[in-house]
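Structure at a glance
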Number of protein chains: 2
Amino acid sequence: MNDLRIVNHQVTLVDQVEDRLLSYFKENNLGPGDPIPREMELAEALGVGRSVLREALSRLRMLGLIETRTRRGMLLAEPSLLRGMKRIVEPNMLSDKTLFNILGFRVALEIGMSEMIFQNLNKKHIEDLEDIVKRGVVKRYSEYTPVNEYEFHTKLYEITGNSTIMEFQAIIRPVSVFLKEKFQDYFLPINKELSKNGKLVSHKDLLDFLKKGDKEGFRKGMIDHFGPYYSFLKQENHFNIN
Amino acid sequence: MNDLRIVNHQVTLVDQVEDRLLSYFKENNLGPGDPIPREMELAEALGVGRSVLREALSRLRMLGLIETRTRRGMLLAEPSLLRGMKRIVEPNMLSDKTLFNILGFRVALEIGMSEMIFQNLNKKHIEDLEDIVKRGVVKRYSEYTPVNEYEFHTKLYEITGNSTIMEFQAIIRPVSVFLKEKFQDYFLPINKELSKNGKLVSHKDLLDFLKKGDKEGFRKGMIDHFGPYYSFLKQENHFNIN
DNA sequence: TAATATGATTTGTCTTACAAATATAAAATA
DNA sequence: TATTTTATATTTGTAAGACAAATCATATTA
């Protein structure tokens, strides 16, 4: 027997209390701003010690679901959708499979945003993008800076006006960077080749589509821009179920 | 002063310990499978009581980052990307703005998946979708069942072969259902009108595009299929930053 | 009335204690 | 000797008590 055996995930009292608290909030239709009973009251009602209750509360506090102020008691608050995710997106902690999934997720999301981008696009956005592109002009592919790459794509997310999407991309960004670095033997040659043949869809190309209002062109450009990612994921066999 | 005043988010010892634990794992390059010191050792090293340490550990346990077995000590494990999110996606707990953001997120993701779907599509997928569509045939729009709606879209997610995307959609699904219900005064008339004019892009239409291998048609069909969502979000002014 | 001081309450933290589980060592048996 | 059984020690899970810090509510004073 080694450590890879299936861990019989023991359900502790804390786990149960956490669930029961969530059920309690839901069943009583409690939402942000509503006060909840104090610790001792909850502990007694649930028949557990204060320490167990506090561990469960601590979990929910981490997610922003509960806010506490000494002596004033506890309130429900609007939780942060992605705060839990934020803590654990750490390439070292995640399997390659998960990292590939995240990369695929990102690519799909970013391409799917095209519609929203064209709905919201205004002159200021264009100007900002032009500035970013100008600052990112390089002679050789190898001179590309990740920072400029980041700025451009972040701006695209920003144009959607969807703060959840923006937060999401900020969290998962390290994954793309990590994978590109870890598998540079795959990406570098491909990108150099594309660059040499003039087939690399640059940020400038994408911006031109935006300026022309060419939605179709933009979308296809984005797909080509992400071409190396697509082929990478396909090759890694992490697109296919079978 | 009311309760809406800005809460001066007090940083507790538990918060700090949580951060320090994460930093410790990262700095020591610890990953899934690696053992970590026992509670008392950690507590002493961090200069805090066992209860504080346990609250912090409990948070990380919730995310799947730490697994514990009595007497055997603690191990790091691959965390679940979305477990934190799963607990708090509860329409009652989230503001409309967040719900709108989630809906927009979903729509973008699902449309962006088209590329992957065509990369992976096989006969079995088509057969499954045909079965779902067949079972979903209705005479009037009002007879549509949410279950069938769910099955179809879930199948699309499944075809991507990306388990993270699938998990994500399963978590955020209640949001679409909730919004469609809450704002039925908006959605029902629109859908009935589209249905009457034969302009509603049905699941059958989408499936036909897939069968024909018509990527462009499929994508446009998806956009139209989500048309009411787009117009809803636009109207709610939750696409625009300004 | 308004400002200040006092007391009470609630969360944050530490400590001690014990139960449950199990790895390790010791003892008993074949 | 090898194997099984028993006993011991260790580690996490849970409970309870104690006190500090913060602050709400009340009483006191200017």
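Reading the values: the criteria
Residues numbered from 1 in each chain as written. Chains lettered and ligands numbered in written order. Predicted model: local features only at pLDDT ≥ 70, side-chain atom pairs only at ≥ 80, totals over all residues. Heavy atoms only, no water. Helix = DSSP H or I, 4+ residues; strand = E, 2+ residues; numbered from the N terminus. Rg over C-alpha atoms; globule rule 2.2 N^0.38 Å. Contact = heavy atoms within 4.5 Å. Areas by Shrake-Rupley, 256 points an atom, 1.4 Å probe, with all protein chains shown as cover. Lys, Arg positive; Asp, Glu negative; His and termini not counted. Charge placed at Lys NZ, Arg CZ, Asp CG, Glu CD. Pairing = 2+ DSSP bridges. Axes fitted to C-alpha atoms, helices over the stretch in contact; angles between N-to-C directions. Near = heavy atom within 4 Å. Polar contact = N/O pair within 3.5 Å; in protein donor to acceptor, adjacent residues only side chain to side chain. Salt bridge = Lys/Arg side-chain N within 4 Å of Asp/Glu carboxyl O. Buried < 20%, exposed > 50% of the residue type's maximum accessible area, 1.4 Å probe, protein only. Least-squares fit on C-alpha atoms with pLDDT ≥ 70 in both. Parallel < 35°, antiparallel > 145°, perpendicular 65-115°, else oblique. Nonpolar A, V, L, I, M, F, W, Y, C, P; charged D, E, K, R; others polar. Phe/Tyr/Trp six-rings, centres within 6.5 Å; stacked < 30°, edge-to-face > 60°. Domains from an automatic or database assignment.

Structural notes on the overall build of chain A
From N to C terminus, chain A includes 13 helices and 3 strands. Against the 2.2 N^0.38 benchmark of 18 Å for 242 residues, chain A shows a C-alpha radius of gyration of 24 Å, more extended than a compact globule. The principal-axis extent of the C-alpha atoms belonging to chain A is close to 70 × 55 × 30 Å. The contacts of chain A with a sequence gap of at least 6 include a subset with a gap of at least 24, amounting to 69%. Per element, the accessible surface of chain A, about 12,100 Å² overall, is 51% carbon and sulfur. Here chain A holds 36 positive side-chain charges and 34 negative ones, and the gap between their average locations is 2 Å.

Digging into the sheet that holds strand 1 (residues 35-36) of chain A
Residues and elements named next belong to chain A. Strands sit in the order 1-3-2 across an open sheet of 3 strands; the sheet is antiparallel. Of all the strands in the sheet, the pair left with one neighbour each is strand 1 and strand 2 (66-69). Contacts from helix 3 (residues 50-62) reach strand 2 and strand 3 (73-76), with the element oriented near 110° to strand 2.

Some details on the protein's contact with DNA strand C
With respect to spatial proximity, 21 residues lie near DNA strand C, and among them A:Arg50, A:Arg54, A:Arg71, B:Leu13 and B:Gly49 are the closest. Within 4 Å of the protein, the contacting atoms of DNA strand C are 68% sugar and phosphate, with bases supplying the remainder. Here a phosphate oxygen of DNA strand C and a side-chain polar atom of A:Arg38 are 3.3 Å apart. In this structure, A:Arg50 approaches DNA strand C through a side-chain N or O atom, which is 2.8 Å from a base nitrogen.

Regarding the pattern of salt bridges
Residue and element names in this part refer to chain B. Counted by the stated rule, this structure contains 40 salt bridges over all chains. With its nearest N and O atoms 2.7 Å apart, the salt bridge here joins Arg59 to Glu18. Pair noted here: Arg59 is in helix 3 (residues 50-62) and Glu18 is in helix 1 (residues 13-27), with a separation of 41 residues, a long-range link. When sorted by exposure, Arg59 lands in the same class as Glu18, which is buried. A salt bridge links Lys124 to Asp128; its shortest N-O distance comes to 2.9 Å.

Examining the protein's contact with DNA strand D
In the neighbourhood of DNA strand D, 21 residues make up the surrounding shell, with A:Leu13, A:Gly49, B:Arg50, B:Arg54 and B:Arg71 lying closest. Here A:Gly49 contributes a backbone N or O atom positioned 2.8 Å from a phosphate oxygen of DNA strand D. At the level of secondary structure, the elements contributing two or more residues to the surface near DNA strand D comprise helix 1 (13-27) and helix 3 of chain A together with helix 3 and strand 3 (73-76) of chain B.

Focus: the relation of the copies chain A and chain B
One copy of the chain maps onto the second through a rotation about an axis and a displacement along it. The transform that puts chain A on chain B rotates by 180° and translates by 0.0 Å along the axis, for an RMSD of 0.0 Å. In the structure described here, the two chain copies are related by an operation that fits a two-fold rotation axis. The rotation axis passes nearest to the C-alpha of A:Gly112 in chain A, at a distance of 1.8 Å. A high fraction, 100%, of the interface residues of chain A reappear at the interface in chain B, so the copies pair face to face through one surface.

Quick look at the packing of helix 7 (residues 123-135) of chain A against helix 8 (residues 146-160) of chain A
Helix-helix packing: each pair is described by the crossing angle between the helix axes and the interaxial distance. Residues and elements named next belong to chain A. Running from N to C, helix 7 and helix 8 cross one another at 170°; their axes reach a closest spacing of 9 Å. The pairing of helix 7 with helix 8 is recorded here as roughly antiparallel in orientation. The residues of helix 8 that touch helix 7, namely those facing His125, Asp128, Leu129, Ile132, Val133 and Arg135, are Asn148, Glu151, Phe152, Lys155, Leu156 and Ile159. Looking at the contact of helix 7 with helix 8 residue by residue, the classes come out as 6 nonpolar, 2 polar and 4 charged.

Re the interface of chain A and chain B
Chain A puts 77 residues into the contact, and the matching count from chain B is 78 residues. Note that A:Arg87 and B:Glu18 form a salt bridge whose closest N and O atoms lie 2.3 Å from each other. Per element, the largest residue contribution to the side of chain A that touches chain B is 10 residues, and it comes from helix 5 (residues 96-112) of chain A.

Here's the deal with the pairing of strand 2 of chain A
Residues and elements named next belong to chain A. Two elements, strand 2 and strand 3, share 4 bridges in a ladder whose sense is antiparallel. The residue bridging Thr68 from the neighbouring strand is Met74, located in strand 3. The loop that links strand 2 with its antiparallel partner strand 3 comprises 3 residues; one of these, Arg71, has a positive phi angle of about 75°.

Overview of the packing of aromatic side chains
Considering all chains together, one arrives at 26 aromatic pairs over all chains under this definition. In this structure an aromatic cluster arises from ring pairing among A:Phe100, A:Phe183, A:Tyr186, A:Phe187, A:Phe226, A:Tyr229 and A:Phe232.

Remarks on the domain arrangement of chain A
Many descriptions give the size of an interface as the accessible area lost when the pieces come together. Each assigned domain of chain A is listed with its residue range as follows: domain 1 (13-76) and domain 2 (84-235). With centres defined by C-alpha atoms, the gap from domain 1 of chain A to domain 2 of chain A works out at 41 Å.

Quick look at the environment of B:Phe218
Residues and elements named next belong to chain B. The residue Phe218 is located in helix 12 (residues 215-225) in this model. Residue classification places Phe218 among the buried positions, given a relative accessible area of 0%. C-alpha separation for the pair Phe218 and Asp208, spaced 10 residues apart in sequence, amounts to 8.4 Å. Setting aside residues no more than four positions away along its own chain, Phe218 makes contact with Ser114, Ile117, Phe118, Leu156, Leu206, Phe209 and Leu210.

Notes on unusual backbone geometry
All names here are of chain A. Its identity is not glycine, yet Asn29 carries a phi of approximately 55°, on the positive side. Its location among the elements puts Asn29 in the loop between helix 1 and strand 1. For Asn29, a relative accessible area of 57% translates into the label exposed.

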